Amino acid sequence: MSRYIESETIELKEKYTDTITKEIVSFLNSAGGSIIIGVKDDGVVVGVDKVDEILRKISDVITTKIEPNPQDEISSELKFDEGKTLIVIHINKGHNHIYCQKKYGFSSTGCTIRIGTTCKEMTPEQIKIRYEKKFIDNEYMLKKKSNSSDLSFRELKIYYSEKNYHLEDKSFETNLNLRNESGEYNLLAELLSDKNNIPFIFVKFQGQNKASISERSDYGYGCILTTYGKIKNRLQAENICISDTTVRPRKDTYLFDFDCVNEAILNALVHNDWTITEPQISMFNDRLDILCHGGLPNGMTKDQFFDGISKPRNATLMRIFLNMGLTEHTGHGIPTIVEKYGKDVFEIESNYIRCTIPFEQRVIDQIDNKNVGLNVGLSVGLNKTEKKVIELLIEDQSLTSIELSEKIGVTKRTIERTFRSLQEKKMIERIGSKRDGSWIVVG
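Attention here is on the structure that accompanies the text. (Residues numbered from 1 in each chain as written. Predicted model: local features only at pLDDT ≥ 70, side-chain atom pairs only at ≥ 80, totals over all residues. Heavy atoms only, no water.)

1. Things to note about the side chain of D81
Part 1 of the argument: Within the fold, D81 resides in strand β4 (residues 74-81).
Part 2 of the argument: Leave out the neighbours within four places in its chain, and D81 touches R3, Y4, V45 and L86. (Helix = DSSP H or I, 4+ residues; strand = E, 2+ residues; numbered from the N terminus. Contact = heavy atoms within 4.5 Å.)

Listed below in structure tokens is the structure:
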């Protein structure tokens, strides 16, 4: 009977291979274990040649290919059996909640777990649950006191309700970590509250520099989820499309790739250092600039950033965006932008990261920039009242039918008919109940 048998805590390897990274991650994410190199699967000892070279490779795996760094959890030793040398790697259960192979990030491929004698990919749900616990005690957002002690969270509750989550009045502040150790509302709570003092500016400039402002809009001072919705709607409205009808099917060309811009906005919100100031979005006649403060998180390199290895500065805020289905912790955002526009669109400094999305020259050539304004992308097929309602809702989704009727100069009944029409055209949808809810632009 073989002296060496594979089990939930023992992995046998005849020789060193690159799969050892996955196997180490699997033990870190499980109860720990040992990898014995120089023994076949059936327990037969074959030994290891070039011991020093293999030990260097193992050291390289431990120090550079696994996130977070697991050095304190791993040790190795040489063992001699039947006159042959074996290398044994001892791996403790990781003290962090989750580990991954850096090149794959926190995805199912990157996050494996030991089940029986095999390495299994973790499900997205398993990754999400573990990730939600990661770094939570070290976040500055949870410790920094809010500028206001009188905060309400009606909109946040509506968002969670729409996703079939029920927030208990007595426990949701604790569950979402909205108070610091002293029991005071923290910066995260302020960002998520219905009303706050945090702006979010969108600026349009007339040319290719900041010499002349053509428009300045502020979408802040409220729940960051609502702020994101307003910014997203505004950018959809700015994304002008031209169509070539001389070919079949017709070819549509947009001013910019909206998926890439959306990823850049989400990254700016989640990874921004909010103790400095809010992110900034600037639109020129040839590009869109998204500025995120704080630079790269501690311990992250530029290579890791471009590889899509996610290390959020604000893990709890990321968890809330994950719950809302607004983002994924798969690390695909930055690679998506790089694949479309290249690495040069990113300017990475110690205190900020700027993403510059260039506009399609064919679209620029065919539009009169002086006449391009709000809702160009949304206004096709809408009447005058519908266009005005869309414009006002993008600015402030809390507006009631009475307030809209007064601003536009039409009856309340006309506004209600307009709501129904826009809903049928899938341009708007209601968030929350008829009495307490509000309309948001989705088309």
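2. Observations regarding the sheet that holds strand β1 (residues 10-13)
Part 1 of the argument: Read from one edge to the other, the open sheet built from 4 strands follows the order β1-β2-β5-β4, with strand pairing classed as mixed. One side of each edge strand has no neighbouring strand; the edge strands of this open sheet are β1 and β4. Put simply, the sheet's adjacent strands are angled 20° from each other on average, direction ignored.
Part 2 of the argument: Two strands pair when backbone bridges link them, and β1 and strand β2 (residues 33-37) are joined in this way by 4 bridges, in the parallel orientation. Bridge assignment links I10 to a residue of β2, and that residue is S34.
Part 3 of the argument: Contacting β1, β2, β4 and β5 (84-91), helix α1 (residues 20-28) runs over the sheet at an angle of about 160° to β2.
Part 4 of the argument: Here helix α2 (residues 51-64) sits on the sheet and contacts β2, β4 and β5; the angle it forms with β5, its principal contact strand, is near 10°. (Pairing = 2+ DSSP bridges. Axes fitted to C-alpha atoms, helices over the stretch in contact; angles between N-to-C directions.)

3. Description of the sheet that holds strand β16 (residues 352-358)
Part 1 of the argument: Sheet architecture is open: 6 strands sit in the order β10-β9-β13-β14-β16-β15, paired in mixed fashion. Both outer strands of the open sheet, β10 (213-218) and β15 (346-348), are each paired with one neighbouring strand and no more. Sheet twist, expressed as the average angle between the axes of neighbouring strands with direction ignored, equals 15°.
Part 2 of the argument: Looking at chain direction, strand β13 (residues 280-283) and strand β14 (residues 287-293) are connected through 4 bridges and run antiparallel. The residue of β14 that forms the bridge with Q280 is L291.
Part 3 of the argument: Set on the sheet, helix α9 (residues 258-271) makes contact with β13, β14 and β16; between it and β14 the angle comes to about 20°.
Part 4 of the argument: Against the sheet, helix α12 (residues 333-341) makes contact with β15 and β16, and its axis sits at roughly 40° relative to β16, the strand it touches most.

4. Digging into the packing of α9 against helix α11 (residues 315-323)
Part 1 of the argument: At a closest axis distance of 8 Å, the pairing of α9 and α11 adopts a crossing angle of 140°. Classified by the angle between their axes, α9 and α11 sit oblique to one another. From α9, L266, L269, V270 and H271 reach across to α11, where they touch L317, M318 and F321.
Part 2 of the argument: Each residue belonging to the contact of α9 with α11 can be placed in one class, and the counts come to 6 nonpolar, 1 polar and no charged. (Parallel < 35°, antiparallel > 145°, perpendicular 65-115°, else oblique. Nonpolar A, V, L, I, M, F, W, Y, C, P; charged D, E, K, R; others polar.)

5. Concerning unusual backbone geometry
Part 1 of the argument: In the segment running from E67 into P68, the intervening peptide bond is cis, with an omega of -10°.
Part 2 of the argument: When you line up the elements, P68 lands in the loop between β3 (66-67) and β4.
Part 3 of the argument: Look at E82: it is not a glycine, yet its phi comes out positive at around 55°.
Part 4 of the argument: Inspection of the secondary structure assignment puts E82 in the loop between β4 and β5.
Part 5 of the argument: A relative accessible area of 55% means that E82 is categorised as exposed.
Part 6 of the argument: Notably, Y221 is not glycine yet its phi reads approximately 65°, a positive angle. (Buried < 20%, exposed > 50% of the residue type's maximum accessible area, 1.4 Å probe, protein only.)

6. A short note on the environment of T418
Part 1 of the argument: Here T418 shows up in helix α16 (residues 412-424).
Part 2 of the argument: Separated by 61 residues in sequence, T418 and I357 place their C-alpha atoms 35 Å apart.
Part 3 of the argument: Filtering out sequence-adjacent residues up to four positions away, T418 remains in contact with T385, E386 and V389.

7. Brief notes about the pattern of salt bridges
Part 1 of the argument: The final tally for this structure, using the stated rule, is 14 salt bridges.
Part 2 of the argument: When the shortest N-O distance is used, the salt bridge between E53 and K57 registers 3.5 Å. Here K57 and E53 lie together in helix α2, a separation of 4 residues that amounts to about one turn.
Part 3 of the argument: With a closest N to O distance of 3.0 Å, R287 and D286 form a salt bridge.
Part 4 of the argument: According to the relative accessible area criterion, R287 is buried, its value standing at 18%. (Salt bridge = Lys/Arg side-chain N within 4 Å of Asp/Glu carboxyl O.)

The analysis is restricted to geometry; functional conclusions fall outside its scope.
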